[in-house]
Amino acid sequence: MFNNSSKILFMTIMIIGTLITVTSNSWLGAWMGLEINLLSFIPLLSDSNNNLTSTEASLKYFLTQALASTVLLFSSIILMLKNNMNIEINESFSSAMIMSALLLKSGAAPFHFWFPNMMEGLTWMNALMLMTWQKIAPLMLISYLDIKNLLLMSVILSVIIGAIGGLNQTSLRKLMAFSSINHLGWMLMSLMISESIWLIYFKFYSFLSLILTFMFNIFKLFHLNQLFSWFVNSKILKFTLFMNFLSLGGLPPFLGFLPKWLVIQQLSLCNQYFILLIMMMSTLITLYFYLRICYSAFMLNYYENNWTNSTQFNNINTYFYLIFTFFSIFGLFLISMFFFML
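Residues numbered from 1 in each chain as written. Predicted model: local features only at pLDDT ≥ 70, side-chain atom pairs only at ≥ 80, totals over all residues. Heavy atoms only, no water.

Convention followed: UniProt positions are given in the numbering used here, feature names are shortened, and annotations may be inferred rather than shown by experiment.
Looking up the protein chain in an unreviewed UniProt entry gives the name NADH-ubiquinone oxidoreductase chain 2, with the organism given as Drosophila imaii. Taken verbatim from the UniProt record of the protein chain, the Catalytic activity (unreviewed entry) comment is "a ubiquinone + NADH + 5 H(+)(in) = a ubiquinol + NAD(+) + 4 H(+)(out)". As recorded by UniProt, the Sequence similarities (unreviewed entry) comment attached to the protein chain reads in full: "Belongs to the complex I subunit 2 family."

## Topic: the overall build of the protein chain
Spelled out, the test is: Each helix is a run of DSSP H or I of at least 4 residues and each strand a run of E of at least 2, with the numbering of both proceeding from the N terminus. Radius of gyration means the value over C-alpha atoms here, while the globule rule gives 2.2 Å times the residue count to the 0.38 power. When a residue's accessible area, from a 1.4 Å probe over protein chains only, is under 20% of the maximum for its type it is buried; when over 50% it is exposed; and in between it is partly exposed. Residue burial considers only the protein chains on display, and all accessible areas are found by Shrake-Rupley using a 1.4 Å probe. Neither His nor the chain ends contribute to the count of charged residues, in which Lys and Arg are positive and Asp and Glu negative. For charged residues, the charge sits on one atom: NZ in Lys, CZ in Arg, CG in Asp, CD in Glu.
Helix and strand counts for the protein chain stand at 15 helices and zero strands. Over its C-alpha atoms the protein chain spans a radius of gyration of 21 Å, differing by no more than 12% from the 20 Å that the globule rule assigns to 342 residues. Counting the 342 residues in the protein chain, one finds 51% classified as buried. Counting only carbon and sulfur atoms, one obtains 70% of the accessible surface of the protein chain, whose full area is about 16,400 Å². Each charge sign in the protein chain was given a centre, from 14 positive and 9 negative side chains, and these centres are 11 Å apart.

## Quick look at helix 3 (residues 51-85)
So the rule is basically this: Expected span, for any helix, means 1.5 Å times one less than how many residues it has.
The end-to-end C-alpha separation of helix 3 is 49 Å, in line with the 51 Å expected for 35 residues at 1.5 Å each. Asn86 sits one or two positions beyond helix 3 and adopts a positive phi of about 55 degrees.

## Re the packing of helix 7 (residues 133-142) against helix 10 (residues 195-219)
Short version of the rule: A fitted line through C-alpha atoms serves as each axis, taken over the contacting stretch for helices, and the angle formed by two N-to-C directions is quoted from 0 to 180°. Here is the rule for angles: anything less than 35 degrees is roughly parallel, anything more than 145 is roughly antiparallel, 65 through 115 is roughly perpendicular, and the remaining ranges are oblique. Contacts were defined at the residue level, with two residues in contact if any of their heavy atoms lie within 4.5 Å. Residues are sorted three ways: Asp, Glu, Lys and Arg are charged, Ala, Val, Leu, Ile, Met, Phe, Trp, Tyr, Cys and Pro are nonpolar, and all the rest, Gly among them, are polar.
With their axes 12 Å apart at the nearest point, helix 7 and helix 10 run at an angle of 170 degrees to one another. On the basis of their axis angle, the class for helix 7 and helix 10 is roughly antiparallel. For the pair helix 7 and helix 10, contact is made by Trp133, Lys135, Ile136, Leu139 and Met140 and by Glu195, Trp198 and Phe202, respectively. A class-by-class count of the residues in the contact of helix 7 with helix 10 yields six nonpolar, no polar and two charged.

## Examining the side chain of Thr286
The criterion, for reference: Polar contact criterion, stated in full: a pair of N or O atoms within 3.5 Å, where within protein one must be able to donate a hydrogen and the other to accept it, and residues adjacent in sequence count only if both atoms are side-chain atoms.
Along the chain, the position of Thr286 falls in helix 14 (residues 273-299). A polar contact is formed between the side chain of Thr286 and the backbone oxygen of Thr283, at a distance of 2.6 Å. Non-local contacts of Thr286, meaning those with residues more than four positions away in its chain, are made with Gly162, Ala163, Asn182 and Gly249.

## Points about helix 13 (residues 257-269)
Look at helix 13: 18 Å from first C-alpha to last across 13 residues, which is about the 18 Å you get at 1.5 Å a residue. When we look at burial in helix 13, the residues that qualify are Leu258, Pro259, Lys260, Val263 and Leu267. Close packing links the buried residues of helix 13 with helix 9 (172-193), helix 10, helix 12 (235-249), helix 14 and helix 15 (316-341). Trailing helix 13 by a residue or two, Asn271 shows a phi angle of about 60 degrees, which is positive.

## What about the packing of helix 9 against helix 13?
Keep this limit in mind: Take the far helix as your reference; a near helix turned counterclockwise from it by less than a right angle gives a left-handed crossing, and one turned clockwise gives a right-handed crossing.
Two elements in contact, helix 9 and helix 13, have axes separated by 10 Å at closest approach and are oriented at 45 degrees. In this view, helix 9 runs oblique relative to helix 13, as classed from their interaxial angle. Here helix 9 runs over helix 13; the crossing is left-handed. Contacts between helix 9 and helix 13 involve His183, Trp186, Met189, Ser190 and Ile193 on the former and, on the latter, Lys260, Val263, Ile264, Gln266 and Leu267. Its residues placed into classes, the contact of helix 9 with helix 13 shows six nonpolar, three polar and one charged.

## Quick notes on the pattern of salt bridges
Just so we agree on the cut-off: By convention in these notes, a salt bridge is any Lys or Arg side-chain nitrogen within 4 Å of a carboxyl oxygen on Asp or Glu.
Going through the model one piece at a time under the given rule, you end up with three salt bridges. Lys60 serves as the salt-bridge partner of Glu56, at 3.0 Å between the closest nitrogen and oxygen. Of this pair, Glu56 and Lys60 both sit in helix 3, four residues apart, which is roughly one turn of that helix. Residue classification places Glu56 among the partly exposed positions, given a relative accessible area of 43%. By relative accessible area, Lys60 is classed as partly exposed at 29%. Lys148 is the partner of Asp146 in a salt bridge, and the nearest nitrogen-oxygen pair spans 3.1 Å. On the basis of relative accessible area, Asp146 is assigned to the exposed category, the value being 62%.

## Considering the environment of Ile142
Topologically, Ile142 is positioned in helix 7. Along the backbone, Ile142 and Ser95 are 47 residues apart, and their C-alpha atoms lie at a distance of 10.0 Å. With residues near it in sequence (within four places) discarded, Ile142 still touches Met99, Leu102, Leu103, Leu151, Leu188 and Leu191.

## Digging into the confidence of the model for the protein chain
Put simply, the rule is: Known as pLDDT, the predictor's per-residue confidence is scaled from 0 to 100.
Averaged over all residues, the pLDDT of the protein chain equals 89, while 93% of them reach at least 70. Between the elements of the protein chain, mean pLDDT differs from a low of 80, seen in helix 11 (residues 224-230), to a high of 96, seen in helix 7.

## Re the side chain of Ser179
Tracing the backbone shows Ser179 in helix 9. Overall, the relative accessible area of 4% leaves Ser179 in the buried class. Not counting residues up to four positions away in its chain, the partners in contact with Ser179 are Leu248 and Tyr290.

## So, the environment of Met189
Within the secondary structure, Met189 is located in helix 9. On the basis of relative accessible area, Met189 is assigned to the buried category, the value being 4%. For the pair Met189 and Ser6, spaced 183 residues apart in the sequence, the C-alpha separation amounts to 37 Å. Residues contacting Met189, with those up to four places away along its chain left out, are Leu152, Val155, Val263, Leu267, Ile275 and Met279.

Here it is in structure tokens:
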């Protein structure tokens, strides 16, 4: 009971920390919110069932976030000195430092080094929080800065590293981590275009990540070979799981294509064809390794013990998963029909 109550407490403080950062009107207030968020997220990472790896992951997270917070505080003080004491300091330099700290906090390339290794030591629910909620505060702060060159470099590196890094992975958590880095590149690009498109992209990405991590959490799946051999007796679950993978990758008939469609449309309207080409090519690489996994799962036979299925499929969570999956697969059609009816 204590474990659950403490989790609720830390989760509430984590949400409050993010809200403080988002609503803050100074860099010092934003830093304070990020620190509250960090210090409440670390106890959530330490899981009693998986003690050694979760402790290592929480330590990695603490060290990288503390480094980013130090740089953020230092550069915020430099900006305050410039504004209040009229000291001659190059403003673009301190803004670039703040941007670097925020990119490190969010796990965007070229500051992504801690993210996949840390994901490997987390439970699925903690991984989901790290991939979605923990991105909100840094991305909101990035939207206040106007350093196009550094952000463009981060976008290009994120989409390329996210695509190439996932090619050779057998661990599902690392696969989701590199997928998250790739999506982060798209989110940073949408942030440069408009905040409303970023918000739409973030909501759709969070929803699709929730579906996959929910499924992995129900069946305790952590590696690709478990995916192939797990659902022999339930073809519907196997089929929907890989449809969700393709939706997360952004294959056109599925819901995951809609936010990418919005970004592609806005970039083509702004004549940003070069960056658009790089982003689309990287998405093709991610789709390639998703399709390769799907092809292996659908085309090859795997042996499985019969007794693993009887207890797990009669689960209310599975029905929730199937309802979410319906929206993931047919969401684009439903939204299109809604707009045509209007």
